[in-house]
Protein chains: 2
Amino acid sequence: MLFFTQCFGAVLDLIHLRFQHYKAKRVFSAAGQLVCVVNPTHSLKYAPTRCAGAQTSTEQGVIPPCHYHESVHDPQLVACTCPLFSCPWEGHLEVVVSHLRQTHRINILQGAEIVFLATDMHLPAPMDWIIMHSCLGHQFLLVLRKQEKYEGHPQFFATMMLIGTPTQADNFTYRLELNRNQRRLKWEATPRSVLECVDSVISDGDCLVLNTSLAQLFSDNGSLAIGIAITTSKVHGAEAEM
Amino acid sequence: MLFFTQCFGAVLDLIHLRFQHYKAKRVFSAAGQLVCVVNPTHSLKYAPTRCAGAQTSTEQGVIPPCHYHESVHDPQLVACTCPLFSCPWEGHLEVVVSHLRQTHRINILQGAEIVFLATDMHLPAPMDWIIMHSCLGHQFLLVLRKQEKYEGHPQFFATMMLIGTPTQADNFTYRLELNRNQRRLKWEATPRSVLECVDSVISDGDCLVLNTSLAQLFSDNGSLAIGIAITTSKVHGAEAEM
C-alpha cells in the first residue's frame, strides 16, 4: 500500500513538473526564448558587515546603510557581490562568477534574450530572486528584490549589474520588459558595475520599480515573467531617436 | 533711462522665450513631434464632494476616498471628469470636452504623437499637469499627478483616459515614454474611460509610476518630457509577440 502511495506521489510530481514546464513555455512560446524559473530566497541582509557603495538616499529604509569594506584597498578586489547573504568573501572581479556559482549556487544562463520567471511573488518581503546572465562575452547579475521601503507597502525592484568595471558597464544597455493583461512596461538603462552596491541602486530607485498592484497585474498565478535583453549601447543614437 | 531699461527687459524676455522654445525643440527635434509645454496646477482635490469610482485601495492616501455622485443615474451622464477642481458640473459625455476647455481652460492638442513637457516638477505635492489629446477621432485626457501616497515621499503618476465609454476605450492603446540620461521607460496600456475615476486609477497604481529620483533623472532643468502615442489596440497580437 505504501509502495502504491509513493508511486502515485511520484506520478503526481511528474505531472506537476510537466505542467509547470508547459506553463513557462506557454507564456513565451511565440518568441522561442529561454525561460529560466527562479525561486525566491529570503534576503538575509540585516547583518551590517558587508556590501559596497556610499548610502546617499535619505529614504527611511529597513535595510541598514551600505559601506565599503574597510579592508578593500585594491580597487579590483571586491567584496562578495552576491546581494543574498552576509558574505565575508572578497576576491578579484575575475573570480566573482565562480564564487557566486559555487558558494551561493546562483544559476547562469546563456543567450541574448532570456525570460526570468520569478515564482512565489506573494511571499513576504524581504525576498530576492537572482540569476546570472552570460551574454556578449560578459556576465551580468539580475536582481529582483521585494522590499518594504515604506512599512506595510512592499515594492519590487529589478536591476542588472555587470560583473566587470564601471567603464566596461558603460558599453552595454539592458532591457527589462513586462507584458501581460494589456499592459506593457519596459525599462532600459546602462547596467551598473558590481563594484557599486546593488543596495544603493535599489534604495535610490534607479531601476525598474513596481508597486504590489502592478506586480499582480503582470503576474500569472504568482509568477512574474521578465523579458531580459542585453545589447551593446548606442547611447547617443537612442537619445537623438526620440 | 527708464525707456531703455524697459526696452532691454523686453529684449531679454524675447531672448528667454526663444531659448525656451529652442530647448523644447532641441529635445525632440529629431522626430519633429509636437511639443506641448504644460504648467502645473495645484490640485484642489480635498473637497469630498466630487469624483467617480469605488475606492478599493487600502493605501494610506492623503486624498479622500472617491465615490460615485449619488445623483448620477443615467450612465451617460457623468460628473465633471476634470480631476483638478471640486467641480459640481455634470453632463453627457459629448459635452465633457467643451466643459473642460471652457471652464477649466485645459488645452487640446491634435496629432498621433505628441510630447508633453511638464514644467516645474520640483513644486510640492499635490500638483497636476493636464492636457487633452485629440487623436484617431477621439479625445483623451492625460493626467500627470505629483502626490504623496507615503508622507514625505512624493511620487509621480501618469495615466491617459478616453473621454468616452469603457467599451470605446478598449479599442485603443496609449504609450507614455521617458527617455533621458541613458535610461528609457515605456508604459503601454489600454486607456480607462473618464466614466471611471482618475483618482482610483492613480491610487491603485495602475499607471506609469515614478519616484522622485527617477523623475529627476528623466527631467531636464525641472521639466519632464513625456512622449505620448495612441494607437488602435491589437491586444492579442501584442501579448503573443513577447
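Residues numbered from 1 in each chain as written. Chains lettered and ligands numbered in written order. Predicted model: local features only at pLDDT ≥ 70, side-chain atom pairs only at ≥ 80, totals over all residues. Heavy atoms only, no water.

To be explicit about the condition: UniProt positions are given in the numbering used here, feature names are shortened, and annotations may be inferred rather than shown by experiment.
Under the annotation held in an unreviewed UniProt entry, chain A carries the name E3 ubiquitin-protein ligase and is attributed to Upupa epops. What the UniProt record of chain A gives under Catalytic activity (unreviewed entry) is the line "S-ubiquitinyl-[E2 ubiquitin-conjugating enzyme]-L-cysteine + [acceptor protein]-L-lysine = [E2 ubiquitin-conjugating enzyme]-L-cysteine + N(6)-ubiquitinyl-[acceptor protein]-L-lysine." Its UniProt record gives chain A the following Pathway (unreviewed entry) comment, quoted word for word: "Protein modification; protein ubiquitination."

## Some remarks on the overall build of chain A
Here is the rule: Here a helix means four or more residues in a row that DSSP labels H or I, a strand means two or more in a row labelled E, and each is numbered from the N terminus. Burial classification: accessible surface area is computed with a 1.4 Å probe over protein chains only, and a residue below 20% of its type maximum counts as buried, one above 50% as exposed, and the rest as partly exposed. By definition, residues are in contact when any of their heavy atoms lie within 4.5 Å. Only the protein chains shown count as cover for residues, with accessible areas throughout obtained via the Shrake-Rupley method and a probe of 1.4 Å.
Each helix and strand counted, chain A has six helices and 15 strands in total. Split into buried and exposed, the 242 residues of chain A put 51% on the buried side. Across chain A, every contact between residues at least 6 apart in sequence was considered, and the portion connecting residues at least 24 apart equals 62%. A total accessible area of about 11700 Å² is found for chain A, and carbon and sulfur atoms account for 57% of it.

## Some details on helix H2 (residues 96-104) of chain A
Residue and element names in this part refer to chain A. Under the convention used in this document: Each C-beta atom gives one direction from the helix axis, and the arc is the one those directions make.
Those residues of H2 lying buried are Val 96, Val 97, His 99, Leu 100 and His 104. Relative to the axis of H2, the buried residues are bounded by an arc of 165 degrees and lie together on one face. Looking at the residues trailing H2, positive phi occurs at Arg 105, about 55 degrees.

## Focus on the packing of aromatic side chains
To keep things clear, this is the line we draw: Under the pairing criterion, centres of Phe, Tyr and Trp rings, with the six-membered ring standing for Trp, must be within 6.5 Å; the plane angle then separates stacked pairs below 30 degrees from edge-to-face pairs above 60, leaving the rest tilted.
Per the counting criterion, the structure on display carries seven aromatic pairs over all chains. On the basis of an interplanar angle of 15 degrees and a centroid distance of 4.4 Å, the ring pair of A:Tyr150 and B:Tyr150 is categorised as stacked. Of this pair, A:Tyr150 sits in strand S8 (residues 138-150) while B:Tyr150 sits in strand S8 (residues 138-150), each in a different chain. There is no split in this pair, since A:Tyr150 and B:Tyr150 are both buried. An angle of 90 degrees between the planes, with centres 6.4 Å apart, marks the rings of A:Phe218 and B:Trp187 as edge-to-face. Of this pair, A:Phe218 sits in helix H5 (residues 212-218) while B:Trp187 sits in strand S11 (residues 183-189), placing the two residues on different chains.

## Looking at unusual backbone geometry
Look at the link from A:Ala125 to A:Pro126: it is a cis peptide, with omega at -5 degrees. Topologically, A:Pro126 is positioned in the loop between strand S6 (113-118) and strand S7 (127-135). Even without a glycine there, the phi angle at B:Arg105 is positive, about 55 degrees. The class for B:Arg105 is exposed, based on a relative accessible area of 69%. In this structure, B:Asn221 is a non-glycine residue whose phi angle is positive, near 55 degrees. Turning to its location among the elements, B:Asn221 is positioned in the loop between strand S14 (219-220) and strand S15 (223-232). A relative accessible area of 65% places B:Asn221 in the exposed class.

## Observations regarding the side chain of B:Ser134
Residue and element names in this part refer to chain B. Definition in use: Counting of polar contacts relies on pairs of N or O atoms within 3.5 Å, with two restrictions inside protein: one atom must be capable of donating a hydrogen and the other of accepting it, and residues adjacent in sequence are counted only when both atoms are side-chain atoms.
Within the secondary structure, Ser 134 is located in strand S7 (residues 127-135). Ser 134 gets classed as buried once you look at its relative accessible area, which sits at 9%. For Ser 134, the side chain forms a polar contact with the side chain of Gln 110, separated by 3.5 Å. Setting aside anything within four residues of it in sequence, one finds Ser 134 in contact with Ile 108, Leu 109, Gln 110, Gly 111 and Gln 139.

## Here we look at the pattern of salt bridges
Stated precisely, the cut-off is as follows: Any carboxyl oxygen of Asp or Glu that lies within 4 Å of a side-chain nitrogen of Lys or Arg is treated as forming a salt bridge with it.
As enumerated under the stated definition, the model contains 18 salt bridges over all chains in all. A salt bridge links A:Asp220 to A:Arg180; its shortest N-O distance comes to 3.6 Å. On the criterion of sequence distance, the pair formed by A:Asp220 in strand S14 (residues 219-220) and A:Arg180 in strand S10 (residues 172-180) is long-range, its members being 40 residues apart. One salt bridge connects B:Arg192 with B:Glu196, and the closest N-O pair in it is separated by 3.0 Å. On the basis of relative accessibility, which here comes to 28%, the residue B:Glu196 falls in the partly exposed class. Salt bridges linked by common partners bring A:Arg175, A:Glu177, A:Arg184 and B:Glu188 together as one network.

## Considerations on the UniProt feature "domain: Seven-in-absentia protein TRAF-like" (unreviewed entry) in chain A
Under the present numbering, the feature "domain: Seven-in-absentia protein TRAF-like" (unreviewed entry) in UniProt falls on residues 134-228 of chain A. Across residues 134-228 of chain A, the secondary structure splits into 19% helix and 58% strand, with the terminal C-alpha atoms separated by 12 Å.

## Brief notes about the environment of A:His122
In this structure, A:His122 sits in the loop between S6 and S7. The class for A:His122 is exposed, based on a relative accessible area of 58%.

## Section: the pairing of strand S15 (residues 223-232) of chain A
Residue and element names in this part refer to chain A. To keep it simple, the criterion reads: At least two bridges found by DSSP between two strands is the condition for calling them paired.
Within S15, eight of the ten residues are buried, which leaves the element mostly enclosed by the surrounding structure. With six bridges joining them, S6 and S15 adopt antiparallel strand pairing. Its bridge partner lying in S15, Val 115 is registered against Gly 227. Bridge analysis of S10 against S15 gives six bridges, and the strand direction is antiparallel. Bridging from a neighbouring strand, Leu 176 pairs with Ile 228 of S15. As judged from the two bridges shared by S14 and S15, these two strands associate in the antiparallel manner. From the neighbouring strand, Asp 220 faces S15, where its bridge partner is Ser 223. The loop that links S14 with its antiparallel partner S15 comprises two residues; one of these, Asn 221, has a positive phi angle of about 60 degrees.

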